[in-house]
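As a plain string of letters, each chain reads:
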Amino acid sequence: MKISIIIPVYNVSQYIIRCIDSVCAQTYPPFECLLIDDCGTDNSIEKAEQYIKEYKGPILFKIISHIHNQGQGVARNTGVYVATGDYLLFMDSDDAITPDCIETLVALAEKHPDTDFVQGNTIKGTGCLVTHRFHRQVPEYCNSRDELEKLILFDTVTTVWNRLIRRSFLVNNSLYFPEGIANCEDLYWIYFLSQRTSSAAFTNRGTYFYYINANSSTTSRSSSYIEKRVEWHLLTAQAIYDDMVKSEKPVGRNYCRYLANFLCNCMFQLSQSHSLKQWLVFWKMSRKIYNGVLKTSCGFFFYLSTMPPFCFLIIFNSWRWRLRHYIVKYI
């Protein structure tokens, strides 16, 4: 089975060698590794180039350079276009994979050859399973429509990485990544992935080391990054809602829950930005979404929770948990 690993590279000088080291440590036979240079401002790519120049092993490394910075989503799309593997594995360049990651996921894909993707569990950088892990013991194989939606949207990790995905499945279903909504492209992409997946396989075994990078756009505390994160969340919520309302089929409960859960994320980001303008955009969107797809008794209570003064309680972990557990869960 021919594998391509796709790694966007942007300002990860501290982490890129750790990432490539983990690729080179794989127990699986030779494969292809594509590093997508997204024109960062540090020496990440120079470090990668020097590493590859000195590397003498069987892995085929390629560096594909953008002309200018275009974001992680576009970098992943570039990798999909260029990859020659039958299956693709996405990585973030500040993370790492276990030595048996590819071997484990390939064995699962060979055991269930009709699957669109196989997915492994996540390990924290310290070696413990991270909160970014599966939320329950998951079945090894699933081809039930409703169960697949629950597994992909709620029970497993809603990220692009740590999935061995059939390339033809991505291309035939146009499952490319959006531009202009960095930090949310995974959640946008997962929504459409769940719609098109007919079968998938999962392992509770940890195969991916997830590290928290304090300098990433996901964790940055600067006011400009926080406002951008809010903007990206609002754009993503709007895109998901637009897809729902244009569908000829009734919107399934799993997707309504997913959108409501995403609005919780929007509220939390807004609580950190203190932008009245963005709050007004959110409230207008929340009303539209309630009238469009969430008009149930639980949907009404959720809608109230997005309005003042209840929306400001989102800063409390206990309230977020109750909102998701008692209202979103039963929408």
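Refer to the structure above for everything that follows.
Residues numbered from 1 in each chain as written. Predicted model: local features only at pLDDT ≥ 70, side-chain atom pairs only at ≥ 80, totals over all residues. Heavy atoms only, no water.

(A) Quick look at the overall build of the protein. In terms of regular secondary structure, the protein is built from twelve helices and nine strands. Its C-alpha radius of gyration of 20 Å places the protein within 12% of the 20 Å reference for a compact globule of 331 residues. For the protein, the spread of C-alpha atoms along the three principal axes comes to 60 × 45 × 35 Å. Residues classed as buried in the protein amount to 54% of the 331 residues present. (Helix = DSSP H or I, 4+ residues; strand = E, 2+ residues; numbered from the N terminus. Rg over C-alpha atoms; globule rule 2.2 N^0.38 Å. Buried < 20%, exposed > 50% of the residue type's maximum accessible area, 1.4 Å probe, protein only.)

(B) How the structure looks around the packing of helix 9 (residues 253-273) against helix 12 (residues 317-327). Their axes nearest at 10 Å, the elements helix 9 and helix 12 cross at an angle of 165 degrees. By the angle between their axes, helix 9 is roughly antiparallel relative to helix 12. Helix-helix and strand crossings are classified by hand; for helix 9 and helix 12 the assignment is right-handed. Side by side, helix 9 and helix 12 meet where Asn261, Cys264, Asn265, Met267 and Phe268 of the first sit next to Arg320, Leu323 and Arg324 of the second. Grouping the constituent residues of the contact of helix 9 with helix 12 by class yields four nonpolar, two polar and two charged. (Axes fitted to C-alpha atoms, helices over the stretch in contact; angles between N-to-C directions. Parallel < 35°, antiparallel > 145°, perpendicular 65-115°, else oblique. Left-handed = near helix turned anticlockwise from the far one by under 90°. Contact = heavy atoms within 4.5 Å. Nonpolar A, V, L, I, M, F, W, Y, C, P; charged D, E, K, R; others polar.)

(C) Geometry of the side chain of Thr78. Relative to the assigned elements, Thr78 resides in helix 3 (residues 72-82). When near neighbours in sequence (up to four residues on either side) are disregarded, Thr78 contacts Ile36, Ile64 and His66.

(D) Just the pairing of strand 6 (residues 117-124), in detail. A large share of strand 6 lies buried, amounting to seven of its eight residues. Bridging between strand 6 and strand 8 (residues 163-166) involves three bridges; their strand directions are antiparallel. Bridge pairing links Phe117 to Ile165 in strand 8. In this sheet, strand 9 (residues 200-210) lies alongside strand 6 in parallel orientation, the contact comprising seven bridges. Looking at strand 9, one finds that Gln119 is bridged to Phe202. (Pairing = 2+ DSSP bridges.)

(E) Summary view of the environment of Ser198. Along the chain, the position of Ser198 falls in the loop between helix 7 (185-196) and strand 9. The spatial distance from the C-alpha of Ser198 to the C-alpha of Glu149 is 10.0 Å, given a sequence separation of 49 residues. Those residues in contact with Ser198 that sit more than four places away from it in its chain are Asp116, Cys142, Asn143 and Leu148.

(F) Looking closely at the side chain of Glu185. Its location among the elements puts Glu185 in helix 7. Other than its neighbours up to four places away in sequence, Glu185 contacts Gln72, Gly73, Arg76 and Pro178.

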